[in-house]
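Residue-level structural notes
What follows is the residue order along each chain.
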Amino acid sequence: METLLFIAVMLPLGAAFVGFLVPASRPQWMRALALAATGVSLALTLVLFWQFDRQEAGYQFVFDLPWVPALNLSLKFGVDGISMTLLLLVSIVSFCGVLISHEIHERQKEYYILFLALTTGISGTFCTMDLFFFYFFYELAVIPMYLLIGVWGSLPPGRHGRTREYATMKLTLYLTAGAVLALVGLLTLYYAGGRTFDMVELMANLRLSEDRQWWVFACLLFGFGFLASLFPFHTWSPLGYAAAPTAASMMHAGVLKKLGAYGIIRLALPLMPEGARAWMDLLAVLCIFNILYAGWAALTQRDWKFVIGYSSVSHMGYVLLGIATLNVIGVSGAVLLMFAHGVMAALTFSLIGWFYHQAHTRDVFELRGLARQMPFIGTCMVMAAMASSGLPGFANFASELMVFLGAWQQGSTVFRIATVCAVWGIVVTATYLLWAVRSSFFGPLDERWKALSDARLAGHRLPYVLLIVVLLVVGFWPRTLTDIIQPTVKHAILREPVAMAQVDQR
Amino acid sequence: MNPVWLILFAPLGAAAVITLVTQRWKMLSAFVSCAAILLGFVLSVGIFLQQGQWQSPEPLRWLVLEGGWVIEFGATVDRLSVLMLLVVTGVGSAIHIYSIGYMRGDPGFSRYFACLSLFTFSMLGIVLSNNFIQIFIFWELVGVSSYLLIGYWFERPSAAEAGKKAFLVNRIGDFGMMLGILLLWTEAGTFSFAELPERVAAIPAGTLGLISALIFCGAVGKSAQVPLHVWLPDAMEGPTPVSALIHAATMVAAGVYMLCRVAFLILPSETALTLIAWVGGVTALMAATIAITQNDIKRILAYSTLSQLGYMIMSVGLTGITPAMFHLTTHAFFKALLFLGAGSVIHALHHEQDIWKMGGLWRKMPVTFVTFLIGTLALAGVWPLSGFYSKDEILLLALKENMALFVVGVVTAFLTAYYMGRGCFVAFFGRPRDRHAYEHAHESPLVMTAPLVFLAILSVIGGWGSYVPHFLQPEGHGAHHEAWKGFLLLLVPAAGFGVAAWIYGRAEPSDEPVKAALGRLWNVLENKYYFDEVYLWIVRNVQGAVASGCELFDRWALQRLGVGGLAGVTGLAGKTLRLLQTGNVQAYAFVFGVGLTVIIFYVVVR
């Protein structure tokens, strides 16, 4: 089982290296290789999920390969309830991302190599138990993202007045700047925790004074906040997504963005509980801005990808609000929402890719009445919009509900206000999504779009169907995930005392 | 397995099967959908007949939260829910069958039935829910099925807009409801309808009032009460059977049902009751006054629905849970009947909905005419039809509890008879105004008229013996002792019909004769008191301004000034430092020399 986890994470990267050997004149081989790698990786993840011990709060399937013993460095993987959930997310989204990439025709070899490296970068970050590799895998994800957007992206002109190159540069600088800020915090942790990168050892050893917790926590919160598009550090996000090729947007909005929230949950909360308490009121206030401000900004956009880009900023507000509650229900809700929003964002971006690829515009007003021409895509888009606005039956509802319950339970005035704003946020979400769907998909079909075609082939439909099925399964029975998330959050993240022994053993 | 689960999940299965498998075979889709709800009806009747041996099935633990909170997925089987099961599946079955005829030839036939089944599932879910989260889940699901069915003809801009509007307005109501649920949870520590009643007593009165008012927001949205009533008239853009099922008989009544289900919450709170009663009363009167000016047959019925829902809500507010449910039941019968009758007319006239283009139809469509007339009389509350019994219970309750609301109720009853009489006289009597439409008119096929007859029978006998109240409250239900007052109230609809007959029956007007008489007031009424205009203004100006403000701030303050400024400063620093790199060897040598001198000076002299 341990090896299985290692393979599930590293297989895409291995395939990327094999990809160098594939002749550039045989792009279909490269695509097949990428499909196989992400497909097997998904299958293995499902096996792991099946085998996962649901009673157990700590890490499972721990794989340990000493790397640089002098520095206490080792390539160590393991999954607990949170990592398992997010590994599942990466596998699903990356597989769908490869499936959707049939629209890429240039430099396919390089494209898939980068995509595969990106996949391992993200899943590695979620599964590693070592601080050094946490950073390593993170950077492994950022660089391919830079190239994917810079080379294969496209940014139609708009009032943003920027180019694709500007967008990708801005995104990369933000992600790096956030990472550097977080790195300052991480290094402090390394020294304060007895020079170890091992997260489990850190949990046991680290003793930081309250003052130091305060500023180290701030480093991690805002450093990772950059990645999670915390207001006011979010402006890279809509622009970056708009410029990215479909699969890169899916990976970024779906998964890479969740790394920021994951970093806060995995490192900042359990290691610096006092620091966390000091900053949470401010975080809750910023979340209100994320949710409402970005939601309103989405209302004024014309480009579909900007609408969804701001929407994802808005949704990250719910994730961060869940984290800010510092109670089991809220933080678990945040983790579940990371999963649900990841799948939903991937679905939305892949759908946008379908019509943008044909119509060469994403303008909400120019596109009209597409549902007549593409009923399948239209149906999926309505479902995606409904999922996004928290309709029961989709995973998003259960997770948002948990965030609301957690935030309300927290009880302080700030959080009560934040909850009211967050609940109002779903009204705003529904407003801009239904408006966009109404404008582009309903109404009479515009003459210009008579030539567009629907997704008819099973292969073309598969990614959409897969993503929707995942949302529905978790939505109908959220306990598939909540039952493994909650114990981990309770014992490993918020470290409620009873379970300390359990965590230490592993 | 408990048959209740089968009743609930059969329509969901039907929706899934239609979407995934039978989409191409239209009649098969219709069959699957109808079979699911008919099965539900048969099973509901079975449950009804087994009175006394009811058992709620073991609930599923849908979500188990840290701290011991369990959100269940259960099914309540009690008098209230069994009554609703019968109404939803019974009226629903008739409307499903009717739809086969009405929607024939429509390209989206299968999609229609899939949505209809999805709706049935969601509605039954509301009926059976045993806790607040579950009811909220299905609450949202009926919202989305309503969205899909209103916007069924999505290529029509008006239909697409109406669907969106319905969903969003409902969401505003749900905003309040969600907050109410959250507040109730922290106060009472449970979501369960079974556990709540005993815990409510411990909640302070002020908080309880607030909770009730917030929960009531949900009902205001779903049951289209003032000020969130604006979506319902627009919802008439959907196919007429949808209007009958969702926007008259069942979904819009869900708000009333929910209030009755959580009566334990509302009844102890005086403030909340007053609020509820007055919202209902105002809606009843206001909608009735608007209805007298409408020309679209479906819109007349839509405002009538608003008005009748107002009665039910008012009844809840006057602590009359049983009368509210009684009126809900009879209203489901006769309002579904009226909508289906209107649909039959619209179908016959090739989608003509303006009553002024009709006229003289009784000769052409006898079954439709007779059943429509029965529906009209029942709605107006004429003895011995069902509406008489249920409406009088509410009015007599108002007479006892609140004189002002009684007057409101009586005026509304008068207006009801008046506008329904107006609709009937103009559409069915007189001479045909549109010769062409008249000649093409024909009676609808059996698949449409049979449901009409079925519902007409129910509309006639639905109130007899006050069976529904007795069923709900077997241990004593006292409304008969003042039956003579009820018969006195018969004068009200008689007056309404009389006035309508006097104005619209004797002459052969081709245009509205009352318009001139009412003058300015007519404009106000015809424009629905300008609610839509005011809301549109708010949406455009307030929401629009806030949204643009956010966008401008994002683009200029954050992106240009903040990020751009930072980038500018960095660039500037680079440029400044570049000045030092002159590329001139003498300059470098000079700096080198100076530096060396300073170091030597520092080392030696210090």
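Quantities reported herein were computed from a predicted structural model and do not represent experimental measurements.

What follows is about the overall build of chain A. Scanning chain A from terminus to terminus reveals 21 helices and 2 strands. Relative to its length of 506 residues, chain A is compact, with a C-alpha radius of gyration of 21 Å against a globular reference of 23 Å. In terms of principal-axis extent, the alpha carbons of chain A reach across some 65 × 55 × 40 Å. Summarising the internal contacts of chain A: among those between residues at least 6 apart in sequence, 79% fall at separations of at least 24.

Before going further, it helps to examine the overall build of chain B. Looking only at helices and strands, chain B features 28 helices and 2 strands. In terms of principal-axis extent, the alpha carbons of chain B reach across some 120 × 60 × 55 Å. Taken over 606 residues, chain B has a buried fraction of 54%. A sequence separation of at least 24 residues applies to 80% of the contacts in chain B between residues at least 6 apart.

A few words now on unusual backbone geometry. Geometrically, the link from Phe231(A) to Pro232(A) is a cis peptide bond, its omega value of 0 degrees lying close to zero. Tracing the backbone shows Pro232(A) in the loop between α8 (210-227) and α9 (236-243). The omega torsion across Trp383(B) and Pro384(B) is 5 degrees, close enough to zero to call that bond cis. Residue Ala224(B) is not a glycine yet carries a positive backbone phi of 50 degrees.

Listed per partner, the contact involves 33 residues of chain B and 37 residues of chain A. Along the lines of polarity and charge, the residues of the side of chain B that touches chain A split into 21 nonpolar, 4 polar and 8 charged.

All names here are of chain A. Two elements, strand β1 (residues 60-68) and strand β2 (residues 73-79), share 6 bridges in a ladder whose sense is antiparallel. Across the sheet, residue Leu65 finds its bridge partner in β2, namely Leu75. Counted along the chain from β1 to the antiparallel partner β2, the turn is 4 residues long, and its residue Asn72 has a positive phi close to 65 degrees.

All names here are of chain B. Taken residue by residue, chain B gives an average pLDDT of 90. The fraction at 70 or more is 98%. The least confident element of chain B is helix α23 (residues 483-488), whose mean pLDDT is 71; the most confident is helix α4 (residues 109-128), at 95. Listed scores for the predicted complex are pTM 0.93 and ipTM 0.92.

This part is about the environment of His247(B). Looking at where His247(B) falls in the secondary structure, it is placed in helix α10 (residues 240-249). Sequence-distant contacts of His247(B), defined by excluding residues within four places in its chain, comprise Leu232(B), Ala235(B), Val252(B), Ala302(B) and Thr305(B).

Residue and element names in this part refer to chain A. Over its 29 residues, helix α18 (residues 413-441) runs 42 Å from end to end, which matches the ideal 42 Å to within 8%, given 1.5 Å per residue. Counting buried residues along α18, 21 of its 29 residues qualify, which places the element largely inside the surrounding structure. The positive-phi residue at the C-terminal boundary of α18 is Gly443, with phi of around 85 degrees.

When two helices pack together, their arrangement is given by the angle between the helix axes and by the axis-to-axis distance. Residues and elements named next belong to chain A. Where helix α12 (residues 273-299) contacts α18, the axes come no closer than 9 Å and their chain directions differ by 15 degrees. When the axes of α12 and α18 are compared, the pair comes out roughly parallel. The crossing of α12 and α18 is left-handed. In contact with Asp281, Ala284, Val285, Cys287, Ile288, Ile291, Leu292, Gly295, Trp296, Ala298 and Leu299 of α12, α18 contributes Val414, Phe415, Ala418, Cys421, Ala422, Gly425, Val428, Thr429, Thr431 and Tyr432. Looking at side-chain class alone, the contact of α12 with α18 contains 16 nonpolar, 4 polar and 1 charged residues.

Residue-level pLDDT values for chain A average 90, and 98% of them are 70 or greater. Residue range residues 499-506 of chain A is modelled with pLDDT below 50. Its contacts to residues more than four positions away, or to other chains, number 15 contacts.

Residues and elements named next belong to chain A. Relative to the helices and strands, Met272 is located in the loop between α11 (258-271) and α12. Taking the C-beta count within 10 Å as the criterion, Met272 has 26 such neighbours and is therefore assigned buried. Taking C-alpha positions, Met272 is 32 Å from Thr3, a pair spaced 269 residues apart along the chain. Residues within four places of Met272 in sequence aside, it is in contact with Leu208, Gln213, Val216 and Phe217.

Residue and element names in this part refer to chain A. Here Leu147 shows up in helix α5 (residues 131-152). Residue classification places Leu147 among the partly exposed residues on the basis of 19 C-beta atoms within 10 Å. Measuring from C-alpha to C-alpha, the distance between Leu147 and Pro478 comes to 37 Å, with 331 residues separating the pair along the chain.

Residue and element names in this part refer to chain A. Contact pair helix α3 (residues 81-100) / helix α20 (residues 479-493): the axes reach a minimum separation of 7 Å and the direction vectors enclose 140 degrees. One element, α3, and the other, α20, form an angle in the oblique class. Residue-level contacts link Gly81, Ile82, Met84 and Thr85 of α3 to Leu481, Ile484, Ile485, Pro487, Thr488 and Val489 of α20. For the contact of α3 with α20, the per-class residue count stands at 7 nonpolar, 3 polar and no charged.

Cut-off values and rules
Residues numbered from 1 in each chain as written. Chains lettered and ligands numbered in written order. Predicted model: local features only at pLDDT ≥ 70, side-chain atom pairs only at ≥ 80, totals over all residues. Helix = DSSP H or I, 4+ residues; strand = E, 2+ residues; numbered from the N terminus. Rg over C-alpha atoms; globule rule 2.2 N^0.38 Å. Contact = placed C-beta atoms within 7 Å. Buried ≥ 20, exposed ≤ 12 C-beta atoms within 10 Å, placed from the backbone. Nonpolar A, V, L, I, M, F, W, Y, C, P; charged D, E, K, R; others polar. Pairing = 2+ DSSP bridges. pLDDT = per-residue confidence, 0-100. Expected span 1.5 Å × (residues − 1). Axes fitted to C-alpha atoms, helices over the stretch in contact; angles between N-to-C directions. Parallel < 35°, antiparallel > 145°, perpendicular 65-115°, else oblique. Left-handed = near helix turned anticlockwise from the far one by under 90°.

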